[in-house]
Amino acid sequence: LVTGVQTCALPISEAIEASKPSADRVRRAHLETEGDSTLGILEFPAEWKQKPHYHQFGDIDIFIVVSGTATLYLASHENNKILSDSVELHQLKPGDTYAIKPQVVHFFETHGSPFRVMNIAQPQHTTLTPMTGTKAYDITYIEWSQAKA
């Protein structure tokens, strides 16, 4: 044991398997929160599309692909309307890492198998961490229909 280093109580696969799918069919497991960052793992079903969204606050939202494949959609917005000339698509596979800054619209669409990612973000960016008191979730959903990918 290295001084100051903590480990998760459960291996990642056990943590996600122990979680129950939410109403949107996503499995979420909170692993650790330290200061302004939370570490979690998310598993999205095969052939599934996340709701387009962005975060208004924080520094960065980091994802590390553990398993499965997906298409990541990114775009800028102005007054909650997608700027079609800013749309980017990226094919994701295990080992890929991506970091998204606040105000960048993002979502992904999974392919033939469940898609599992590690996520490091501010606790308000995700429903992984229970919010109490005056804290609120920092997720703004946006329509993607006006964008042409």
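Analysis parameters
Residues numbered from 1 in each chain as written. Predicted model: local features only at pLDDT ≥ 70, side-chain atom pairs only at ≥ 80, totals over all residues. Heavy atoms only, no water. Helix = DSSP H or I, 4+ residues; strand = E, 2+ residues; numbered from the N terminus. Buried < 20%, exposed > 50% of the residue type's maximum accessible area, 1.4 Å probe, protein only. Contact = heavy atoms within 4.5 Å. Pairing = 2+ DSSP bridges. Axes fitted to C-alpha atoms, helices over the stretch in contact; angles between N-to-C directions. Phe/Tyr/Trp six-rings, centres within 6.5 Å; stacked < 30°, edge-to-face > 60°.

A. Geometry of the overall build of the chain. If you tally the helices and strands in the chain, you get one helix and 12 strands. Order of helices (α) and strands (β) in the chain, N terminus to C terminus: α-β-β-β-β-β-β-β-β-β-β-β-β. Counting over 149 residues, the chain shows a buried share of 41%. If you take every contact in the chain between residues at least 6 apart in sequence, the share linking residues at least 24 apart comes to 73%.

B. Molecular detail of the environment of Ala18. Note on placement: Ala18 falls in helix 1 (residues 12–18). Taking the C-alpha atoms as reference, Ala18 lies 9.5 Å from Arg28; in sequence the two are 10 residues apart.

C. Region of interest: the sheet that holds strand 9 (residues 97–100). An order of 1-2-11-4-9 is seen for the five strands of this open sheet, with the pairing classed as antiparallel. At either margin of the open sheet sits one strand with a lone partner, and together these are strand 1 (27–34) and strand 9. On average, adjacent strands in this sheet sit at an angle of 20° to one another, irrespective of strand direction. Here four bridges tie strand 4 (residues 61–67) to strand 9, and the two strands are oriented antiparallel to one another. From the neighbouring strand, Ile64 faces strand 9, where its bridge partner is Thr97.

D. Structural view of the packing of aromatic side chains. Throughout the structure, instances matching the rule amount to seven aromatic pairs. With a centroid separation of 5.0 Å and an interplanar angle of 15°, the aromatic rings of Phe63 and Tyr98 are classed as stacked. Of this pair, Phe63 sits in strand 4 while Tyr98 is found in strand 9, placing the two residues 35 residues apart along the sequence. Tyr98 gets classed as buried once you look at its relative accessible area, which sits at 9%.

E. Here's a closer look at the pairing of strand 11 (residues 115–121). Taking burial as the measure, the seven residues of strand 11 include six buried ones, the bulk of the element. Judged from the seven bridges that link them, strand 2 (residues 37–44) and strand 11 form a sheet pairing that is antiparallel. Bridge pairing links Leu42 to Val117 in strand 11. Summarising the sheet, strand 4 and strand 11 pair through five bridges and their orientation is antiparallel. Its bridge partner lying in strand 11, Ile62 is registered against Ile120.

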